[in-house]
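# Chains, contacts and geometry: an overview
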There are 2 protein chains.
Amino acid sequence: MTEEIDLPAEVTLLWGLRETARRGRKPSLTVADITRAAVEVADAEGLGAVSMAKVAERLGNATMALYRYVKSKNDLLLLMADAAIGPAPALPEGLEWREGLTVWVRRVLAVLRARPWVVQIPISGPPVGPNNLSWFDRALGALGGTGLSEEEKVGVVMGLLTYVQGEARLSLDLSTGYRENPEAFGRQYGLALARVVDPLRFPALSRVVTSGVFDGEVPYDDEVDGMFGLTLYLDGVAALIGRAEA
Amino acid sequence: MTEEIDLPAEVTLLWGLRETARRGRKPSLTVADITRAAVEVADAEGLGAVSMAKVAERLGNATMALYRYVKSKNDLLLLMADAAIGPAPALPEGLEWREGLTVWVRRVLAVLRARPWVVQIPISGPPVGPNNLSWFDRALGALGGTGLSEEEKVGVVMGLLTYVQGEARLSLDLSTGYRENPEAFGRQYGLALARVVDPLRFPALSRVVTSGVFDGEVPYDDEVDGMFGLTLYLDGVAALIGRAEA
DNA sequence: GCTTAAAAGCGTAGGTCATACGCATAGGTG
DNA sequence: CACCTATGCGTATGACCTACGCTTTTAAGC
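Small disclaimer: the values here were computed from a predicted structure and weren't measured.

Calculation notes
Residues numbered from 1 in each chain as written. Chains lettered and ligands numbered in written order. Predicted model: local features only at pLDDT ≥ 70, side-chain atom pairs only at ≥ 80, totals over all residues. Heavy atoms only, no water. Helix = DSSP H or I, 4+ residues; strand = E, 2+ residues; numbered from the N terminus. Buried < 20%, exposed > 50% of the residue type's maximum accessible area, 1.4 Å probe, protein only. Contact = heavy atoms within 4.5 Å. Areas by Shrake-Rupley, 256 points an atom, 1.4 Å probe, with all protein chains shown as cover. pLDDT = per-residue confidence, 0-100. Buried area = accessible area lost by both parts, 1.4 Å probe. Polar contact = N/O pair within 3.5 Å; in protein donor to acceptor, adjacent residues only side chain to side chain. Nonpolar A, V, L, I, M, F, W, Y, C, P; charged D, E, K, R; others polar. Least-squares fit on C-alpha atoms with pLDDT ≥ 70 in both. Phe/Tyr/Trp six-rings, centres within 6.5 Å; stacked < 30°, edge-to-face > 60°. Expected span 1.5 Å × (residues − 1). Core = buried A, V, L, I, M, F, W, Y, C linked by side-chain atoms within 4.5 Å. Salt bridge = Lys/Arg side-chain N within 4 Å of Asp/Glu carboxyl O. Axes fitted to C-alpha atoms, helices over the stretch in contact; angles between N-to-C directions. Parallel < 35°, antiparallel > 145°, perpendicular 65-115°, else oblique.

Okay, the overall build of chain A next. In terms of regular secondary structure, chain A is built from ten helices and zero strands. In sequence order, the secondary structure elements of chain A are arranged as α-α-α-α-α-α-α-α-α-α. In chain A, which comprises 246 residues, the share counted as buried stands at 47%. For chain A, the share of sequence-separated contacts (at least 6 apart) that also reach a separation of at least 24 residues comes to 72%. Within the structure as shown, chain A displays about 12600 Å² of accessible surface, and the carbon and sulfur contribution to it stands at 53%.

Turning our eyes to something else, we now look at the confidence of the model for chain A. All names here are of chain A. Of the residues in chain A, 85% have a pLDDT of 70 or more, and the chain-wide mean is 85. At the low end of the mean pLDDT range in chain A sits helix H1 (residues 9-14), at 79; at the high end sits helix H6 (residues 130-142), at 96. In this model, residues 1-5 is a region of pLDDT below 50 whose contacts with residues beyond four sequence positions or in other chains number three contacts.

Bringing the interface of chain A and chain B into the picture now. Many descriptions give the size of an interface as the accessible area lost when the pieces come together. Between chain A and chain B, the contact holds 67 residues from the first and 66 residues from the second. Summing the contributions of chain A and of chain B, the shared interface buries around 5700 Å²; its carbon and sulfur component is 71%. A per-residue breakdown of the area chain A buries against chain B is headed by Arg169, Arg195 and Leu232 of chain A, which together make up 10% of the total. Taken together, the connections running from chain A to chain B amount to eight residue pairs in polar contact (both at pLDDT 80 or more). Tallying contributions element by element places helix H7 (residues 150-180) of chain A first for the side of chain A that touches chain B, with 16 residues. Class assignment for the residues of the side of chain A that touches chain B results in 39 nonpolar, 13 polar and 15 charged.

At an RMSD of 0.1 Å, chain A and chain B line up after a rotation of 180° and a shift of 0.0 Å along the axis. What the rotation and shift describe, once combined, is the action of a two-fold rotation axis. With an isologous cut-off of 70% or more, the 99% of interface residues of chain A that recur at the interface of chain B puts this contact in the isologous class.

This paragraph deals with the packing of aromatic side chains. A full pass over the atoms with the stated rule returns four aromatic pairs over all chains. Arranged with centres 6.5 Å apart and planes meeting at 90°, the rings of Phe202 of chain A and Trp15 of chain B form a pair that is edge-to-face. Residue Phe202 of chain A is found in the loop between helix H8 (187-196) and helix H9 (203-211), and its partner Trp15 of chain B is found in the loop between helix H1 (9-14) and helix H2 (31-45); the two belong to separate chains. Across the pair, Trp15 of chain B and Phe202 of chain A agree in class, each one buried. Where Trp104 of chain B meets Trp135 of chain B, the ring centres are 6.4 Å apart and the plane angle is 65°; that geometry is what we call edge-to-face. One end of the pair, Trp104 of chain B, is in helix H5 (residues 97-114); the other, Trp135 of chain B, is in helix H6 (residues 130-142), and 31 residues separate them in sequence. Judged by relative accessible area, which is 2%, Trp104 of chain B ranks as buried.

What follows covers H6 of chain B. Over its 13 residues, H6 of chain B runs 19 Å from end to end, which matches the ideal 18 Å to within 8%, given 1.5 Å per residue. Residues of H6 of chain B that are buried: Pro130, Asn131, Leu133, Ser134, Trp135, Phe136, Asp137, Ala139, Leu140 and Ala142 of chain B.

Take helix H2 (residues 31-45) of chain A next. Quick reminder: α-helices carry 3.6 residues per turn. Residues three or four places apart thus point the same way. Residue and element names in this part refer to chain A. Spanning 15 residues, H2 covers 21 Å between terminal C-alpha atoms, matching the ideal 21 Å at 1.5 Å per step. What H2 keeps buried is the set Val31, Ile34, Thr35, Ala37, Ala38, Val39, Val41 and Ala42. A positive phi of about 90° marks Gly46, the residue just after H2.

Side chains that are nonpolar tend, in soluble globular proteins, to be buried together. Counting 154 residues, the largest nonpolar core has Met80 of chain A together with Met80 of chain B as its most contacted members. When near neighbours in sequence (up to four residues on either side) are disregarded, Met80 of chain B contacts Thr35, Ala38, Val39, Ala42, Leu47, Val50, Trp117 and Ile121 of chain B.

So, on to the pattern of salt bridges. Residue and element names in this part refer to chain B. Summed over all chains, the structure comprises 18 salt bridges over all chains. One salt bridge connects Asp43 with Arg115, and the closest N-O pair in it is separated by 2.3 Å. Placement of Asp43 in helix H2 and of Arg115 in the loop between H5 and H6 is noted, with a sequence separation of 72 residues between them. In this structure Asp43 comes out as partly exposed when scored by relative accessible area, which is 39%.

Turning our eyes to something else, we now look at the environment of Arg169 of chain B. Residue position: Arg169 of chain B is located in helix H7 (residues 150-180). Residue classification places Arg169 of chain B among the buried positions, given a relative accessible area of 13%. With 52 residues separating them along the chain, Arg169 of chain B and Trp117 of chain B place their C-alpha atoms 9.2 Å apart. Not counting residues up to four positions away in its chain, the partners in contact with Arg169 of chain B are Val119, Ile121 and Arg169 of chain A together with Val119 of chain B. A polar contact of 3.4 Å, which involves the side chain of Arg169 of chain B, links it to the backbone oxygen of Val119 of chain A.

Glancing now at the packing of helix H10 (residues 228-245) of chain A against helix H10 (residues 228-245) of chain B. Interhelical geometry of H10 of chain A versus H10 of chain B gives an angle of 100° and a closest axis separation of 7 Å. It follows that H10 of chain A is roughly perpendicular to H10 of chain B by the angle criterion. Counted together, Phe228, Gly229, Leu232, Tyr233, Asp235, Gly236, Val237, Leu240 and Arg243 of chain A of H10 of chain A and Phe228, Gly229, Leu232, Tyr233, Asp235, Gly236, Val237, Leu240 and Arg243 of chain B of H10 of chain B form the full contact between these two elements. Here the contact of H10 of chain A with H10 of chain B is built from residues that sort into ten nonpolar, four polar and four charged.

Let's shift gears to the packing of H2 of chain A against helix H4 (residues 73-85) of chain A. Residue and element names in this part refer to chain A. Where H2 meets H4, the axes come as close as 9 Å, and the angle between the chain directions of the two elements is 75°. Our classification of the angle between H2 and H4 gives roughly perpendicular. The residues of H4 that touch H2, namely those facing Val31, Ile34, Thr35, Ala38, Val39 and Ala42, are Leu76, Leu79, Met80 and Ala83. Among the residues forming the contact of H2 with H4, the class breakdown is nine nonpolar, one polar and no charged.

Next comes the structure, spelled out in C-alpha cells:
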C-alpha cells in the first residue's frame, strides 16, 4: 500500500495530514489554533484586518512563528475558508429534492450571512477541504431520489453553489455599501439612474427606470423565497429531472 | 432646473461629471488617461500589480499626482471595472429571447476571458458605470419580445449576471490554479478525493467519486453550451415566460 | 499688466503589510 | 551525555497606500 504518495500540499494542509515531527522542539501551536484565531479576527474586524501580525499577537506568539505551520498567508486563507463554514448538518430525511435543496440553500446563506468575509476569499482551486466537501455531499444527497446521473447531479450542485455564492457576494457587498453610505442607496439609486440614463442610448433600461422598479429600496433579499434567480434555476432543474424521468 | 444636486460621488466619477476648475494650474492628466494606464498594467501583469506608483510611472507622473483625480485606489478600481468591459455591442435584430441571451452571455464571457482580473475587483454597490449599464441594457432588450413585466426582466437579468460572473470567476480561478500547478489538477483531483472521501462520512459524494466523474480532466468549460448551470437557468426563464404567456 | 488666490505637482515620510534570513534554544535520539 | 533537528523569534527588506506641506503654475479681478 503506497498511500502517502503525491497528495497535493493543499490537501494535506486542509486535512491536517502533515507528518508529525519526531525530533526537535515541540510545537506550541497547532494549525487549528492559528485558524481559529484568524477566524476570530475576521469575525471581529473583517477579512481586511487579518494580518499575520495580528493573528500572531492574539495567540501570544511572534509573527514569524506562524510560518512554521502555514506556508503563506494564502494557506491561512484557505484554512479559514474551510473552517468558517463548519461541517454541513444532515438534511431532514424524506424531503423531496426541491425542498431539500431549498433548505440547503437557506443554510448556506445563513452561514455566509454570519461570516460575510468568506465570500471575499479568493478561490484557487476545486474544493478539497473537509467542510466544503461535507456541504457538497449534502446537496448531492438531496438529489438522491431523482433519476439524474452522477454527472448531472454534480453539474446541478456546482451550478447551484456558483449561483448562491454569487448572489451572497453581491447582496453582502451591497449591504456593506449600504451600511457605509446609507443615503446614497435606496431612492438615490433610482434617482441617479434617472438622471444618467439616456433613453436613446439605453432604451430598454430607460423603460425599466421610468417604470419605477428602482424607485423603492434596493431589494436586498436575504430570504430564499425572494431570491428570484434561485427559483428560476430550480425550475430548470425540475425540467431536467422531468426529462430524465420521461 | 436644479440638476446638479446630490449625485453620489461614485456616479459623477464614473460619468466624468466633475466640475471643471476655472482657476489654477491646468491638469496634465485626465481620469481617462489614468484609467487606461491602470488597465494596461492589469492586462500585462494582473490586478495585483496595479499600484498607484506603477500607474503613475507609466504616465510619467509622480505617484501622488493621481490623487488629484481619484480619491483613493478603490476609486481607480471602480473606473477600471467599468472601462475594462467596454460598451456592449448591440445584439442582432430579430433574435428570440433565448438566442439573444445566449449570444449576450457568450460576449460577456469573451470579455471576461480577455481580462480575467475584472472579476477580482470587489464590488461595493449597484452598477452605475456607463459600460456596465449598457451591458445591462442589452440583456434587458433581449427580453423585449416576452410578456414579462419590467420587474421580472430585471430579476432575470440580475440573476443571469450573477450566475455568469460567478461561473467566470470560478472557471478563471481554476484555470489560474491550473496554470500555476498543472500536475495537481486533472486526474490528481479525482485521486485526491478518492483518498480522502470516507464513504461513511460523505456517502453521496463517495458515490460520485467512485463513479469516476472526477477522474477525467477538470471540465473547465468556456463554451456556453457546456455551461450546464446556464442551461438550467434559461430553462427556468422559459418556464417563467410560459407562465406569463398563459 | 499686476496682484491674488486657487489648484496642480511633487518629495517626504509614516504606518502597515508579507515574508526571507539568521541565530538561539529546546527536546528527542543515539 | 552529546548531537541533530525543528521550532521560536528578532531583525530587516521591500512594497504598498496615502496624509501633509511646500512649490509652481495659471486664470480671474482690478
